[in-house]
Amino acid sequence: MVNYTFSLYDFEKFLLIVVRVASFLFIAPPFNQRGVPSRVKIGLAVFISILIGGMIDMTQVEYTGMIGYALIVLKEGITGLMIGLAANICNSIILFAGNIIDMDIGLSMATMFDPSTNSQVTISGNLYNYFILLLLLATDMHHTILRAIMDCFTVIPINGQVFRWDSLMTTMTNFLGDMFVIAFRIVLPIFVCIMILNCILGIMAKVAPQMNIFAVGMQMKIVLGFAVLFITSILMGDVGNFIFREIQRMMVSVIKGLY
């Protein structure tokens with residue numbers, strides 16, 4: 001016979017775990033997509049909380065009254081959002097690279113509305129974003145992301161956060177530098193090809209001034225850009241490795257700034 005007691009205090013502590021996990025799933029890829037139903041997100045958060053609830057140290061959970069409990073809920077929500085943002089912010093690398101690509105090939109004005117982010121995105125950026133999401137699921141990287149939120153309870157216990165803003169600021173500064181480096185690596189093949197095409201068009205403008213270079217050059221840029229995108233699609237695995245390593249590094253850095 002199994003005797004198990006579950007008091008209101010235990011339920012309140014369990015809700016603190018749910019708050020951190022649900023906040024993480026709300027913003028972390030691929031669970032932040034609008035195509036994922038809210039019931040699935042809530043159910044997954046509760047299921048994960050049940051699995052790890054018995055292994056979490058609750059010794060530091062001490063509060064008096066509703067205000068004290070609300071402050072802990074707020075701290076847990078911020079913790080989950082910041083760790084999830086560390087994983088989600090790396091998608092900006094792909095969107096930034098897509099903006100540069102479309103600006104080079106002449107499609108910067110051809111934006112589209114992305115319902116998953118409620119924002120206007122470029123065609124190449126949206127295409128690369130879905131490529132990375134597919135690679136994330138195909139390589140089981142989402143398991144690593146889920147494991148990170150579960151392991152963070154060991155390093156950052158409930159109500160044990162210490163927000164070291166100097167460390168978090170350094171993390172964000174380093175990320176901005178890495179974002180430009182990784183995005184330029186993604187854009188480099190198209191950038192080089194378009195630069196060579198511009199040189200050729202400049203020479204043609206001098207050799208044959210009667211030719212309308214602006215009308216011809218715009219179409220050639222689009223065709224060449226699509227051709228290079230198709231040829232370099234085989235390199236998306238390496239691009240995914242760059243992005244996934246950056247996700248892991250960012251999540252570790254953010255967690256280190258919270259204890």
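Here, every reference points to the structure presented above.
Anyway, here's the lowdown on the structure attached to this text. One numbering rule holds for all chains: residues counted from 1, following each sequence as written. Since the coordinates come from a predicted model, pLDDT governs what is reported: local features require at least 70, and pairs of side-chain atoms require 80 or more to be given and counted, while whole-chain, interface and lining totals use all residues. By convention in this description, side-chain values take in all heavy atoms of the structure and omit both hydrogens and water.

Secondary structure follows DSSP: runs of H or I at least 4 residues long count as helices, runs of E at least 2 residues long count as strands, and numbering of each begins at the N terminus. When helices and strands are counted, the chain shows nine helices and two strands. When its helices and strands are written in sequence order, the chain yields α-α-α-α-β-β-α-α-α-α-α. The C-alpha atoms of the chain give a radius of gyration of 24 Å, which is well past the 18 Å a tight globule of 259 residues would have. Taken along the three principal axes of its C-alpha coordinates, the chain extends 90 × 40 × 30 Å. Put simply, the chain has 259 residues, and 43% of those count as buried. Look at the contacts in the chain between residues 6 or more apart in sequence, and 84% of them connect residues 24 or more apart. Within the structure as shown, the chain displays about 14400 Å² of accessible surface, and the carbon and sulfur contribution to it stands at 71%. For the chain, the distance from the average position of its 14 positive side-chain charges to the average position of its 14 negative side-chain charges is 5 Å. To get the radius of gyration, use the C-alpha atoms; to get the globule rule, take the number of residues to the power 0.38 and multiply by 2.2 Å. The cut-offs for exposure are 20% and 50% of the maximum accessible area for each residue type, with area from a 1.4 Å probe on protein chains only; residues under the lower value are buried, those over the upper are exposed, and the others partly exposed. Residue contacts are defined here by distance: any two heavy atoms, one from each residue, within 4.5 Å place the two residues in contact. Only the protein chains shown count as cover for residues, and the accessible areas themselves come from Shrake-Rupley with a 1.4 Å probe. By the counting scheme adopted, Arg and Lys are positive, Glu and Asp are negative, and His together with the chain ends is not counted. Here the site of a charge means atom NZ of a Lys, CZ of an Arg, CG of an Asp or CD of a Glu.

This part is about helix α1 (residues 8-27). Every α-helix winds through 3.6 residues per turn, so residues three or four apart in the chain are directed the same way. The terminal C-alpha atoms of α1 lie 29 Å apart, and with 20 residues this matches the ideal 28 Å at 1.5 Å per residue to within 8%. Those residues of α1 not exposed but buried are Lys13, Phe14, Leu16, Ile17, Val18, Arg20, Val21, Ser23, Phe24, Leu25 and Ile27. Turning to α1, the residues buried within the fold contact α2 (38-53), α3 (65-88), α6 (141-155) and α9 (236-256). Multiplying 1.5 Å by the helix residue count minus one yields the expected span of that helix.

The salt bridge definition used is simple: a Lys or Arg side-chain nitrogen within 4 Å of an Asp or Glu carboxyl oxygen. This model, assessed by the stated rule, comprises three salt bridges. Linking Arg249 and Asp178 is a salt bridge whose minimum nitrogen-to-oxygen distance equals 3.1 Å. Residue Arg249 is found in helix α9, and its partner Asp178 is found in helix α7 (residues 165-207); the two are separated by 71 residues along the sequence. Given a relative accessible area of 29%, Arg249 falls into the partly exposed group. On the basis of relative accessible area, Asp178 is assigned to the partly exposed category, the value being 27%. Between Glu246 and Arg249 there is a salt bridge; the shortest N-O distance is 2.8 Å.

In this section: the environment of Glu12. Looking at where Glu12 falls in the secondary structure, it is placed in helix α1. When sequence neighbours within four positions are dropped, the list of residues in contact with Glu12 reads Tyr63 and Tyr69.

When you line up the elements, Ser253 lands in helix α9. A polar atom in the side chain of Ser253 sits 2.9 Å from the backbone oxygen of Arg249. Polar contacts, as counted here, are pairs of nitrogen or oxygen atoms within 3.5 Å of one another; within protein the pair requires one atom able to donate a hydrogen and one able to accept it, and residues that are adjacent in sequence qualify only if both atoms are side-chain atoms.

The biggest cluster of nonpolar side chains holds 61 residues, and the ones touching the most others in it are Ile83, Ile158, Ile243 and Met251. Apart from residues no more than four positions distant in its own chain, Ile83 is found in contact with Phe24, Ile149, Cys152, Met251, Val254, Ile255 and Leu258. Put simply, buried Ala, Val, Leu, Ile, Met, Phe, Trp, Tyr and Cys residues joined by side-chain atoms within 4.5 Å make one nonpolar core.

With that out of the way, let us pick up the state of the cysteines. Two cysteine sulfurs form a disulfide in these notes if their separation is within 2.5 Å. Tallied over the full model, the rule gives zero disulfides. There is no disulfide at Cys199, and the cysteine sulfur nearest it, in Cys193, is 12 Å away. Overall, Cys199 belongs to the partly exposed group, its relative accessible area being 48%.

Moving on to the packing of aromatic side chains. Put simply, two rings from Phe, Tyr or Trp (the six-membered ring, in Trp's case) pair if the centres are within 6.5 Å, and we call them stacked under 30 degrees between planes, edge-to-face over 60, tilted for the rest. Across all of its chains, the model carries three aromatic pairs by this definition. The interplanar angle of 80 degrees and the centroid separation of 5.1 Å between the aromatic rings of Phe96 and Phe180 together place this pair among those described as edge-to-face. Residue Phe96 is located in helix α4 (residues 91-105), and its partner Phe180 is located in helix α7; the two are separated by 84 residues in the primary sequence. A cation sits over an aromatic face here: Arg20 above Phe153, 4.3 Å from the ring centre. Ring-over charges, as used throughout, are those where CZ of Arg or NZ of Lys falls within 6 Å of the ring centre and within 35 degrees of the ring normal.

Here we come to the packing of α4 against helix α8 (residues 213-231). Any two packed helices are characterised by the angle at which their axes cross and by the distance between the axes. Angular values range over 0 to 180 degrees, each being the angle between N-to-C directions of two axes fitted as lines to C-alpha atoms, with helices fitted over their stretch in contact. Across the interface, α4 lies against α8 with an axial gap of 8 Å and an inter-helix angle of 140 degrees. Residue-level contacts link Ile101, Asp104 and Ile105 of α4 to Lys221, Ile222, Gly225, Phe226 and Leu229 of α8. When residue character is reported, Ala, Val, Leu, Ile, Met, Phe, Trp, Tyr, Cys and Pro are called nonpolar, Asp, Glu, Lys and Arg charged, and the others, Gly included, polar. Residue composition of the contact of α4 with α8, by class: five nonpolar, one polar and two charged.

Running from N to C, α1 and α6 point in directions that differ by 150 degrees, and their axes come no closer than 11 Å. Taken together, the axes of α1 and α6 lie roughly antiparallel to each other. As α1 runs across α6, the sense of the crossing is right-handed. Residues Ile17, Arg20, Val21, Phe24 and Leu25 of α1 form the contact with α6, whose participating residues are Ile145, Leu146, Ile149, Cys152 and Phe153. Split into classes, the residues belonging to the contact of α1 with α6 amount to nine nonpolar, no polar and one charged. Reported orientations rely on four angle classes, namely roughly parallel under 35 degrees, roughly antiparallel over 145, roughly perpendicular from 65 to 115, and oblique for the rest. Left-handed describes a crossing whose near helix is turned anticlockwise from the far helix through less than a right angle; right-handed describes the clockwise counterpart.

Just geometry here; none of it tells us what the structure is for.
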